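# Summary of structural features
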Amino acid sequence: MTLEQEIVGNAMQMVVVSLQPGQTVYCEAGKFLFKTTNVTMETRLGGPSDRGGQQQGGGSGGMGGLLRQAMGTAMQAGQRALAGESLAFQYFTSRGGEGTVGFAGVLPGEMRALELDGTRAWFAEKDAFVAAESTVDFGIAFQGGRTGMSGGEGFVLEKFTGRGTVVIAGAGNFIDLNPADFGGRIEVDTGCVVAFEEGIQYGVQRVGGLNRQGLMNAVFGGEGLSLATLEGNGRVILQSLTIEGLANALKKAQGGDKQGPTGGLFSTHAG
């Protein structure tokens, strides 16, 4: 069953979902806006696949099945906590007719509904997830230590698999690109990557060499020492506003500009 949804708004978009009787959608805690009275709300630690496992384990696995499911749920929650994600999900199910529920992100910007057909996973930056059908599984993907430590936002990625609709959000405006249209590779500010399809190779490279121009790029260019690289043939979604850029703009407006005149390497932004 396809999720019927409409993305509304401009500077701070929201998604309004129409649920058929018995249909379930879930969101990360803190993304819920409103619902009609015939839509039930349940908060749980486990993801959609975990709930299905609990029902099966309780019927055939007895105490052993319940214990395995409890351990699986704890591992999922622990993984999300390690990644800095919310521990819980909220589930919304329509009862006794069609229901409506609304969700939003946490930053001023756009939203995008992605349709998964079961053949390709999607990866997104941390905190991009807003809501999804119960047929979509939410997971955490850790990049390799070297890439992750260099890439900042790229160290932890959200991973979506299965079939159905998943809604993500980002900051500013979105642009869709395919690296194959640009020679197979694009280089991006690490904070601008919102999401990309499975098959796209994500990496991090140093901005220039350890020479005069490389140091000028790092110190005065505002990008730090690294850029994200995206290679392959597939869809990539970028955002025009980075969280660090928004934070620095707010600090400057409050008279507490922590970035200084050079930005980049000398930025004192701790986030």
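Residues numbered from 1 in each chain as written. Predicted model: local features only at pLDDT ≥ 70, side-chain atom pairs only at ≥ 80, totals over all residues. Heavy atoms only, no water.

## Side note on the sheet that holds strand 16 (residues 201–206)
If you walk across this open sheet you meet the three strands as 14-17-16, and the pairing is antiparallel. The sheet terminates laterally at strand 14 (185–188) and strand 16, the two strands that pair on one side only. Shown here is a sheet whose adjacent strand axes are inclined to one another by a mean of 30°, direction ignored. When strand 14 meets strand 17 (residues 226–231), the two strands line up antiparallel, connected through four bridges. (Pairing = 2+ DSSP bridges. Helix = DSSP H or I, 4+ residues; strand = E, 2+ residues; numbered from the N terminus. Axes fitted to C-alpha atoms, helices over the stretch in contact; angles between N-to-C directions.)

## So, the nonpolar core
Ranked by size, the top nonpolar core spans 21 residues in total, and within it Y26, F129, F160, V166 and I168 carry the most contacts. Among the elements of the structure, strand 6 (89–94), strand 8 (111–117), strand 9 (122–125), strand 10 (129–133), strand 11 (136–142), strand 12 (156–169) and strand 15 (193–197) are those that each provide at least two residues to this core. Among the elements that take part in this core, strand 12 stands out by supplying four residues, more than any other. (Core = buried A, V, L, I, M, F, W, Y, C linked by side-chain atoms within 4.5 Å. Buried < 20%, exposed > 50% of the residue type's maximum accessible area, 1.4 Å probe, protein only.)

## Description of the confidence of the model for the protein chain
Interpretation of this model should avoid reading the predicted coordinates in detail wherever pLDDT is low. Summary statistics for the protein chain give a mean pLDDT of 79 and a share of 68% for residues scoring 70 or more. Throughout residues 51–60 the model reports pLDDT below 50, and contacts reaching past four residues in sequence, or to other chains, amount to nine contacts. Predicted confidence is poor over residues 261–271, with pLDDT under 50, and the contacts of this stretch with residues over four places away or in other chains come to 25 contacts. (pLDDT = per-residue confidence, 0-100. Contact = heavy atoms within 4.5 Å.)

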